[in-house]
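# Fold and contact review
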Amino acid sequence: MYLSREEEAVARGERGETLRRMMEILVALGDIYGAEKLVPVRSVQIAGVSFKNIGDAGLEWISDLDGQVVVPSILNPAGMDLCRWREMGISEDFAARQQATIEAYRRLGVTIDCTCTPYQLYDSLASRGDHLAWSESSAVSYANSVIGARSNREGGPSALAAALVGKTPLYGYHLDGNRKPTHQVSVDANLSGSDYGALGFIVGRIVKDGVPLFRLRSHPSNDELKTLGAAMAASGSVALYYVDGVTPAPPVSPAAWEIAEKISLEKSDIDEVYEKYPGKDADIVALGCPHCSREELEKIAGLLAGQKVQKELWVCTARKIADSCPDLVARIEESGARVFCDTCMVVSPASERYRKMMVNSGKALSYIPGLCGVRAGLGSLEECINAALGRN
Amino acid sequence: MEIKCHKVASGKAGGPALVTKDPISFLGNVNPETGVIVDPAHELFGRCIAGSVLIFPGGKGSTVGSYVIYQLKKRGVAPAAMINLHSEPIVAVGAIISGIPLVDRVPDDLLNLTDGTFVEVDANSGQIRISQSSTGT
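Residues numbered from 1 in each chain as written. Chains lettered and ligands numbered in written order. Predicted model: local features only at pLDDT ≥ 70, side-chain atom pairs only at ≥ 80, totals over all residues.

Here we come to the sheet that holds strand 7 (residues 118-122) of chain B. Strand pairing in a sheet takes place through backbone hydrogen bonds and is either antiparallel or parallel in direction. All names here are of chain B. As summarised here, the arrangement of the eight strands in space is 1-8-7-3-4-5-6-2, forming an open sheet in which the pairing is mixed. The sheet is open, and its two borders are formed by strand 1 (2-4) and strand 2 (6-9), each paired with just one other strand. The average angle at which neighbouring strand axes cross in this sheet is 30 degrees, direction not considered. In terms of strand pairing, strand 3 (residues 12-19) meets strand 7 through five bridges, oriented antiparallel. Within strand 7, the residue paired with Gly 14 across the bridge is Glu 120. Contacting strand 2, strand 5 (81-84) and strand 6 (102-104), helix 3 (residues 89-98) crosses the sheet at an angle of about 70 degrees to strand 2. (Pairing = 2+ DSSP bridges. Helix = DSSP H or I, 4+ residues; strand = E, 2+ residues; numbered from the N terminus. Axes fitted to C-alpha atoms, helices over the stretch in contact; angles between N-to-C directions. Contact = placed C-beta atoms within 7 Å.)

Turning to the packing of helix 3 (residues 51-64) of chain A against helix 4 (residues 92-107) of chain A, a few remarks are in order. All names here are of chain A. Axis separation between helix 3 and helix 4 bottoms out at 10 Å; the angle between their running directions is 45 degrees. Judged by the inter-axis angle, helix 3 sits oblique to helix 4. The way helix 3 lies across helix 4 gives a crossing that is left-handed. Here helix 3 contributes Phe 51, Ile 54, Leu 59, Ile 62 and Ser 63 to the contact with helix 4, which in turn contributes Phe 94, Arg 97, Gln 98, Ala 100, Thr 101, Ala 104 and Tyr 105. (Parallel < 35°, antiparallel > 145°, perpendicular 65-115°, else oblique. Left-handed = near helix turned anticlockwise from the far one by under 90°.)

Its location among the elements puts Ala 11 of chain A in helix 1 (residues 5-11). Residues contacting Ala 11 of chain A, with those up to four places away along its chain left out, are Leu 3, Arg 20, Met 23, Glu 24 and Val 27 of chain A.

To continue, consider unusual backbone geometry. All names here are of chain A. Of note, the bond from Cys 289 into Pro 290 is cis; its omega dihedral lies within 30 degrees of zero at -10 degrees. The phi torsion at Lys 208 lies on the positive side, around 55 degrees, for a residue other than glycine. Following the sequence through the fold, Lys 208 ends up in the loop between helix 7 (195-207) and strand 8 (212-216). Taking the C-beta count within 10 Å as the criterion, Lys 208 has 13 such neighbours and is therefore assigned partly exposed. (Buried ≥ 20, exposed ≤ 12 C-beta atoms within 10 Å, placed from the backbone.)

Contacts between the two partners involve 19 residues from chain B, matched on the other side by 18 residues from chain A. Residue assignment for the side of chain B that touches chain A shows that the elements contributing at least two residues are strand 2, helix 2 (65-74) and helix 3 of chain B. Sort the elements by how many residues they give to the side of chain B that touches chain A and helix 2 of chain B lands first, with six residues. Its residues assigned to classes, the side of chain B that touches chain A comprises 12 nonpolar, five polar and two charged. (Nonpolar A, V, L, I, M, F, W, Y, C, P; charged D, E, K, R; others polar.)

Right under this line is the structure:
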């Protein structure tokens, strides 16, 4: 891989041991994937934040680093609400280590926003054509597909390396040649809300790490695209997709596409997912995977208005979003539901004490059983709220 | 015998070979406190990777595996060096953050090396030295 004179100096250790190792990470990845050079990134989003996932090993590694990030960098969700962790039933020991992890990132100059939806917080992190080094699979999918930026799915260390060096190796989804559609998916049904999560749940399993191009009858909102991409990134490892007439178009003309498979789906395929994973008998309902937007919080507040929940109901969002609409948060919490920030049902150990979780997210449906040891069922937002209100 | 290889993570170290044809998921396959392979389905089940020159096709599984390699190193139970046919990002990043020499792009028949053969990995110069010629059986 070509390195500039300055990059060579970093690689030789002339800017310190931390930067030397960070550059070694970038060069090793560049070699593995055949990158020609490094490219500057506009922003970084770092995974490896929840102490449940990184453990003492990850905390030790981050704490041992010595440096400052050189591009705007924010974090993935943590294992708990950083303020209300006691209410989540988090132990003192876990909380101390989670806080230490956050402090270790703060010391490196990382902005302490813990969210899987950085694009809902700051417009300045990504625009069309920008190179990024983001980690969270649903955020990468959203950035590539909806914003039209360019990011691979970074691991925690490679994202942090990009943040400290300000660059990432130029390969994969950074290059037009790897952004061609590989599958065509036609859906002959009107979809809304969690249907997009069910659709993503199906398609991710079929296309794995492919690049699906959807032809849909309905026109998805940004929140619905968020749901679709998150589910495909969890049930498969889709990092880029297209929706004909909705998202930015592929960078190469249709003649150059290499469509390996054409898939046709109907409403009955979507319904099958709900039937196979019913939300019945759940002892907790959790919304906000990926983190709720302000519009989603408004919907939830409207559906709960004047009623009391009979089951535990969590609503997960970014702290910045919750802080921007305290009235909405208060309206949701009047029902007995709780709005937790900085964390989510997938990465928090607080989920583990439940038997079955009802969600409106294809991503949570994919991950909750394996990562939390809790059964999961899928419902629409309305069905989830009804279940929490004891109406099913 | 000397074999040319490609540096992934810098450094130089030697030890007895521990060889498997199974890929390794450091998260789940390996106990991070002891370095023992704990997955009954793995060819190296019950074996300890500490101090070895671990020779395997490559990594697989969760990216948290990189931190597990760091944890093994901090506990003193990491391999001395690692050799892959083709390194993927999880093991590559794990080796770099842990300061464990890692090389790849070696001939496939290195996976036929007898366990216990002394192997020295010099990632910096892209050389593997095997103390006696013992590929194959």
